[in-house]
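Below are the chains, spelled out letter by letter.
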Amino acid sequence: MAQYSRVSGTVGLITLLNPPVNALSAAVRQGIVDMMDKALSDRKVKSVVICGHNGKFCGGADIREFSSPLTGPLLIPVIQGVESAAKPVVAAIEGVALGGGLELALGCHYRIAHSKARLGLPEVHLGLLPGAGGSQRLPRLIGVPAALDIITTGRHVTAAEALKLGLVDRVTDRNTVDEAVKFALSVADQSPQSRRISTFPCPHHPDLDAVFEGVMQRVRQRARGALAPVACVQAVAAATLPFAQGMERERELMATLFTSGQARAQQYHFFAQRAVGRWSMPSGARWDKTKPVAVHKAMVIGLGTMGRGISVALVQAGVSVVAMETNEKQLMDAKQAISSMLERGAKRRGVAPALDKIRYSSDMQPAADVDLVIEAVFEDMALKKKVFQQLSALCKPGTFLCSNTSGLDVDQLASETRTPELVVGMHFFAPAHVMKLLEVVYGSRSSPQAVATAMELGKQMGKVSVAVGNCRGFVGNRMLKPYLEQAFFLLEEGATPEFVDQVLEEFGFAMGVFRMSDLSGLDVGWRVRKADGLPDGHSARIRQGCRYSPLGDLLCEQGRFGQKTGRGWYQYDKPGGQVAKPDPWLQDFLEKFRTQHGLVARRIDHQEVLERCLYALMNEGFRILEDGIAAGPEDIDVIYVLGYSWPPHRGGPMFYAAMVGLKKVLERLEHYHQEHPDIPSLKPCNLLRKLVVSGSPPVQKWREFLQKPQSQL
Ligand SMILES: CC/C=C\CC(=O)SCCNC(=O)CCNC(=O)[C@H](O)C(C)(C)COP(=O)(O)OP(=O)(O)OC[C@H]1O[C@@H](n2cnc3c(N)ncnc32)[C@H](O)[C@@H]1OP(=O)(O)O
């Protein structure tokens, strides 16, 4: 809803009131209409200010309303009503003006922003476009190139940048509403006629065609099949037409997006990202019943790529860091690298680099005086255990001990310490100062407070933290295994790496499985498999009664580790090269392999690649839910979108399973398992069967079918 009062004698003040972000629900839209009527019919009122309750202008349309039939007045006429008002209307922007919130501000005749406010049109992240006139008014106000940038990236603009762009008229450090009221008084006698953005022509640009072509090309490349970014460009292109025609085009494009499955997927992802913050543990411990401990000082042990990124993320979050590395040369290199990462980051954010927040050490002693340690040494259990033993002896009581591991047993590490309750896994993703995902892994003895502290620290670092149980590979890497396996089996059966990658990239992954494997290095998994007892030079296709593909191992035995060696599943022009080219050697190798094992290459189609790779991955997701390793499908989906480049417009693997239809997924898995009975990951899991028998409920209802979770190894 909206509140109305008359202030300073002649200013009508309308306050949007819908905590926490004053989203434009039906009641708020109706409130704006009613309060505008009141202000315009009050003879004493000469000008109007619109502001938001509690220091937040408006977070946009109420996204929750998108899933049911719209009620109340539509936002477009509400904004038109504001713009066409005969009295000047000023937007007082504090906190955020996003989406429909900024569109409402664009309907006002003047915009005053607080210096800390953020403005943006992030609809593209919800699978939409700014469909309440934003795609038409913004380019008219700030020009096509700047509008295209803001609309297609959905990024938030600071008040300072908004002022530079001409998006706001004034920026203030003082009370924004008071300033806006003063401003409204000063323009009370002026006609708003010349301030109506819908009447502006689109500013001239010498080569608009080239601008649109360039942006469209970039957007299509980045979009990976997402419809919204492309529609955003098309909508802005319509801003060069007369306003009414542009609005009609915006409406048509919006209607297509609105009913697309993609918008549903991205809106699900928006709420899923927030839902994972409400974590729970098998013991019944929960986010709202556990207080995290504030971390002022942390230590990072091991300054390889991960340790460096983690140090930077901590410093940028305002935590004092001791970065430790025993190898002096590595320590010096790390210091240089971390300083330049901090400087680059600070430059991007327009602040001073916090170089004084970090100090370096070549020994473990400073661990005695920190609140939390993140161990980020090489992924080797024996080495990590040694570090945890040392930490246990050194740290003061209450210090949280965290391991940046991508899949090792957190309970084993905890058992090396005197305080297993303070031990958790913190699985960062590379580059750790950039990637938004953090898996927080609780072991069987981790205390709720340790989990809450790691979750909160992740949030402070700007990450979306997901609490997961302790099992091999946790959630993300555990699901990756059957996915990779299927890709290897498909090669054995007749596919090529290029074809498998092409299918997965068309689906929307940033990189197909083989290009990704070349980038991250084939040797990483090989070393883990060898540590698990993989015999050298052995190419058997059946291990412990199950199908096994030795292809990756055989490539590693040839020194083909991927990009870093210039050869892997593809060939590169040099070690470290990035352009993947099909390698005739690999074709020959695959043919020989098939002959050696009596395999006849068959034609594998697009559908089989997708179904076998993705359904095997989803099936593991159902098992993870069944085992209680993830608390709900949202947790898995957030992990896959933020950490494994699953296309956001497909929601995540569990959401996608629901979109495809659980019955179909089950049938196809049954079919493939019948064809390949020696591949256990294709055997449909019980939870999937149970959901199908229960009529395939929507993904939001799956939690009702899950047993009480428990930590499992
Ligand atoms: C014709 C169509 C016209 C217009 C289309 C649109 O306007 S689409 C909406 C465009 N707006 C956005 O995309 C903004 C989305 N919100 C945010 O980015 C952040 O929430 C925000 C505003 C920056 C605040 O961030 P903060 O970290 O402070 O809070 P949090 O994200 O946890 O949100 C708090 C709770 O508010 C809920 N919420 C936020 N925005 C909306 C919204 N637009 N509609 C409905 N609900 C919203 C959010 O879900 C949180 O609630 P929770 O119960 O925890 O899920």
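As the structure is a computational prediction, the values presented were derived from the model and not from experiment.

A.B. asks: Looking at this structure, how should I read the site of the ligand?
C.D. replies: In the vicinity of the ligand there are 22 residues, among which Gly59, Ala61, Ile63, Gly100 and Arg274 approach most closely. Alanine 61 places a polar main-chain atom, nitrogen or oxygen, 2.8 Å from an oxygen atom of the ligand. In this structure, an oxygen atom belonging to the ligand sits 2.7 Å away from a main-chain N or O atom of glycine 100. In isolation the ligand exposes 1,000 Å². Once the protein is present, 75% of that is buried. Elements with a contribution of two residues or more to the shell around the ligand: helix H3 (100–107) and helix H11 (261–275). Considering every element that reaches the shell around the ligand, the biggest residue donor is H11, with 3 residues.

A.B. asks: Help me out: how do you make sense of the packing of aromatic side chains in this one?
C.D. replies: Note on aromatic pairs: each is described by the distance of the centres and the angle between the planes. Enumeration according to the criterion identifies 18 aromatic pairs in this entry. A ring pair is formed by tyrosine 110 and phenylalanine 183, whose centres lie 5.1 Å apart and whose planes are at 65°; its orientation type is edge-to-face. Linking tyrosine 110 in strand S6 (residues 110–114) with phenylalanine 183 in helix H7 (residues 176–186), this pair joins segments that are 73 residues apart in sequence. By the burial criterion, tyrosine 110 is buried, and phenylalanine 183 matches it. Ring pairing ties together the aromatic residues Tyr483, Phe507, Phe509, Trp646 and Tyr656, which thus form one cluster. The residue whose ring lies beneath arginine 547 is phenylalanine 489, and the NZ or CZ to ring-centre distance is 5.0 Å. Looking at arginine 650, its charged tip hangs above the ring of phenylalanine 507, at a distance of 4.2 Å from the centre.

A.B. asks: Please explain helix H23 (residues 606–627) as it appears in this structure.
C.D. replies: Residues spaced three or four apart along an α-helix face the same direction, because each turn holds 3.6 residues. For H23, which comprises 22 residues, the first-to-last C-alpha distance of 32 Å matches the rise-based estimate of 32 Å (1.5 Å per residue) to within 8%. Within H23, 19 of the 22 residues are buried, which leaves the element mostly enclosed by the surrounding structure. Positive backbone phi, at 75°, marks glycine 628, one or two positions downstream of H23.

A.B. asks: When you look at the UniProt feature "domain: 3-hydroxyacyl-CoA dehydrogenase C-terminal" (unreviewed entry) in the chain in this model, what are you seeing that I'm missing?
C.D. replies: If you check UniProt for "domain: 3-hydroxyacyl-CoA dehydrogenase C-terminal" (unreviewed entry), the listed places come out as residues 473–572 and 609–705 in our numbering. Secondary structure over residues 609–705 splits into 62% helix and 0% strand, and the C-alpha atoms at its two ends are 30 Å apart.

A.B. asks: Which parts of the structure should I look at to understand the nonpolar core?
C.D. replies: One recurring pattern in soluble globular proteins: nonpolar side chains tend to sit buried together. With 105 residues, the main nonpolar core has Trp569, Leu614 and Phe622 as its most contacted residues. When residues of this core are assigned to their parent elements, the largest contribution, 11 residues, is made by H23. Looking at which domains feed residues into this core, each of domain 2 (287–472) and domain 3 (495–596) gives three or more. With sequence-adjacent residues up to four places away left out, phenylalanine 622 is seen in contact with Met654, Ala657, Leu662, Cys685, Leu687, Leu688, Leu691 and Trp702. Val28, Ile32, Val45 and Val219 belong to the second largest nonpolar core, which has 73 residues in total.

A.B. asks: I'm lost on the pairing of S6 in this one. Help?
C.D. replies: Walk down a regular strand and you will see the side chains alternate between the two sheet faces. Most of S6 sits inside the fold, with 5 of its 5 residues counted as buried. Both faces of S6 are covered, namely the face carrying Tyr110, Ile112 and His114 and the face carrying Arg111 and Ala113. Pairing of strand S4 (residues 89–93) with S6, which is carried by 4 bridges, proceeds in the parallel orientation. Residue alanine 91 lies in a different strand from S6, and its bridge partner there is arginine 111.

A.B. asks: Would you mind showing me how to read empty space enclosed by the protein here?
C.D. replies: Empty pockets left among the atoms are what a rolling probe the size of a water molecule brings to light. If you walk through the whole model with that rule in mind, you get 1 cavity of 30 Å³ or more. In this structure, the largest cavity occupies an estimated 40 Å³ of space. Lining the largest cavity, in full, are Ala275, Val276, Arg278, Trp279, Ser280, Ala467, Ala631, Asp635 and Arg703.

A.B. asks: Explain the side chain of glutamate 620 to me, please; I cannot follow it from the model alone.
C.D. replies: With respect to the helices and strands, glutamate 620 occurs in helix H23. For glutamate 620, the residues in contact, after removing those within four places along its chain, are Arg478, Met479 and Pro482.

A.B. asks: Could you clarify how one ought to interpret the UniProt feature "domain: 3-hydroxyacyl-CoA dehydrogenase NAD binding" (unreviewed entry) in the chain in this entry?
C.D. replies: In the numbering adopted here, UniProt assigns the feature "domain: 3-hydroxyacyl-CoA dehydrogenase NAD binding" (unreviewed entry) to residues 298–470. Between the C-alpha atoms that bound residues 298–470 the distance is 24 Å, and the span itself is 38% helix and 23% strand.

A.B. asks: Honestly, the environment of lysine 459 in this entry has me stumped. Any pointers?
C.D. replies: Here lysine 459 lies in helix H16 (residues 448–460). As a C-alpha pair, lysine 459 and alanine 317 span 142 residues in sequence and 9.1 Å in three-dimensional space.

A.B. asks: How do you make sense of the sheet that holds strand S16 (residues 437–442) when you look at a structure like this?
C.D. replies: Within a sheet, each strand pairs with its neighbour through backbone hydrogen bonds, oriented either parallel or antiparallel. Across the sheet, which stays open at both edges, the 8 strands sit in the order S12-S11-S10-S13-S14-S15-S16-S17 with mixed pairing between neighbours. Where the open sheet ends on each side, the last strands, each with one partner, are strand S12 (358–361) and strand S17 (464–469). Strand after strand, the sheet turns through a mean of 25° between neighbouring axes, direction not considered. Both strand S13 (residues 372–375) and strand S14 (residues 400–403) contribute to a ladder of 4 bridges, which runs parallel. When the bridges of S14 are listed, glutamate 375 appears paired with serine 403. Seen against the sheet, helix H13 (residues 328–349) touches strand S11 (320–324) and S12 and runs at an angle of roughly 170° to S12.

A.B. asks: When you look at the packing of helix H4 (residues 134–142) against helix H5 (residues 144–153) in this model, what are you seeing that I'm missing?
C.D. replies: Working note: a packed helix pair is described by the angle between its axes plus the distance between those axes. Across the interface, H4 lies against H5 with an axial gap of 7 Å and an inter-helix angle of 140°. Taken as axis vectors, H4 and H5 run oblique relative to one another. Relative to H5, H4 is oriented so that their crossing is right-handed. Contacts between H4 and H5 pair Gly134, Ser135, Leu138, Pro139 and Ile142 from the former with Val144, Ala146, Ala147, Ile150 and Ile151 from the latter. Of the residues that constitute the contact of H4 with H5, the class distribution is 8 nonpolar, 2 polar and no charged.

A.B. asks: How should the packing of helix H8 (residues 208–223) against helix H9 (residues 228–237) be read in this particular structure?
C.D. replies: Running from N to C, H8 and H9 cross one another at 165°; their axes reach a closest spacing of 9 Å. With respect to each other, H8 and H9 are oriented roughly antiparallel. Handedness of the H8/H9 crossing: right-handed. Here Phe212, Val215, Met216, Val219, Arg220 and Ala223 of H8 come into contact with H9, specifically with Pro229, Val230, Val233, Gln234, Val236 and Ala237. Its residues assigned to classes, the contact of H8 with H9 shows 10 nonpolar, 1 polar and 1 charged.

A.B. asks: Would you mind going over the confidence of the model for the chain with me for this structure?
C.D. replies: Low-pLDDT stretches of the model should not have their predicted coordinates read in fine detail. Looking at the chain, pLDDT values average 96 and 99% of them are 70 or higher. Our summary of model confidence lists the complex with pTM equal to 0.95 and ipTM equal to 0.99.

A.B. asks: I'm lost on the environment of alanine 354 in this one. Help?
C.D. replies: Within the secondary structure, alanine 354 sits in the loop between H13 and S12. What makes alanine 354 partly exposed here is its relative accessible area of 27%. With 226 residues separating them in the primary sequence, alanine 354 and leucine 128 have C-alpha atoms 38 Å apart.

A.B. asks: Quick question: what am I supposed to make of the pairing of strand S10 (residues 297–301) here?
C.D. replies: Counting buried residues along S10, 4 of its 5 residues qualify, which places the element largely inside the surrounding structure. In this sheet, S11 lies alongside S10 in parallel orientation, the contact comprising 5 bridges. Residue pairing for S11: valine 300 is matched across the bridge by alanine 323. Handedness of the crossover is the feature at issue here: the chain leaves S10, passes through helix H12 (residues 305–316), returns alongside S11, and the resulting connection is right-handed. Summarising the sheet, S10 and S13 pair through 4 bridges and their orientation is parallel. Counterpart to methionine 299 in the pairing with S13 is valine 373.

Rules and cut-offs
Residues numbered from 1 in each chain as written. Predicted model: local features only at pLDDT ≥ 70, side-chain atom pairs only at ≥ 80, totals over all residues. Heavy atoms only, no water. Near = heavy atom within 4 Å. Polar contact = N/O pair within 3.5 Å; in protein donor to acceptor, adjacent residues only side chain to side chain. Areas by Shrake-Rupley, 256 points an atom, 1.4 Å probe, with all protein chains shown as cover. Helix = DSSP H or I, 4+ residues; strand = E, 2+ residues; numbered from the N terminus. Phe/Tyr/Trp six-rings, centres within 6.5 Å; stacked < 30°, edge-to-face > 60°. Buried < 20%, exposed > 50% of the residue type's maximum accessible area, 1.4 Å probe, protein only. Lys NZ or Arg CZ within 6 Å of the ring centre and 35° of its normal. Expected span 1.5 Å × (residues − 1). UniProt positions renumbered as here; feature names shortened; annotations may be inferred. Core = buried A, V, L, I, M, F, W, Y, C linked by side-chain atoms within 4.5 Å. Domains from an automatic or database assignment. Contact = heavy atoms within 4.5 Å. Pairing = 2+ DSSP bridges. 1 Å grid on protein atoms, 1.4 Å probe; cavity = no way out; pocket = protein on both sides within 12 Å on 5 of 7 lines; lining within 4 Å. Points joined across faces, edges and corners; volume = space filled by probe spheres on them. Axes fitted to C-alpha atoms, helices over the stretch in contact; angles between N-to-C directions. Parallel < 35°, antiparallel > 145°, perpendicular 65-115°, else oblique. Left-handed = near helix turned anticlockwise from the far one by under 90°. Nonpolar A, V, L, I, M, F, W, Y, C, P; charged D, E, K, R; others polar. pLDDT = per-residue confidence, 0-100. Right-handed = clockwise from strand over helix to strand, strands pointing away.

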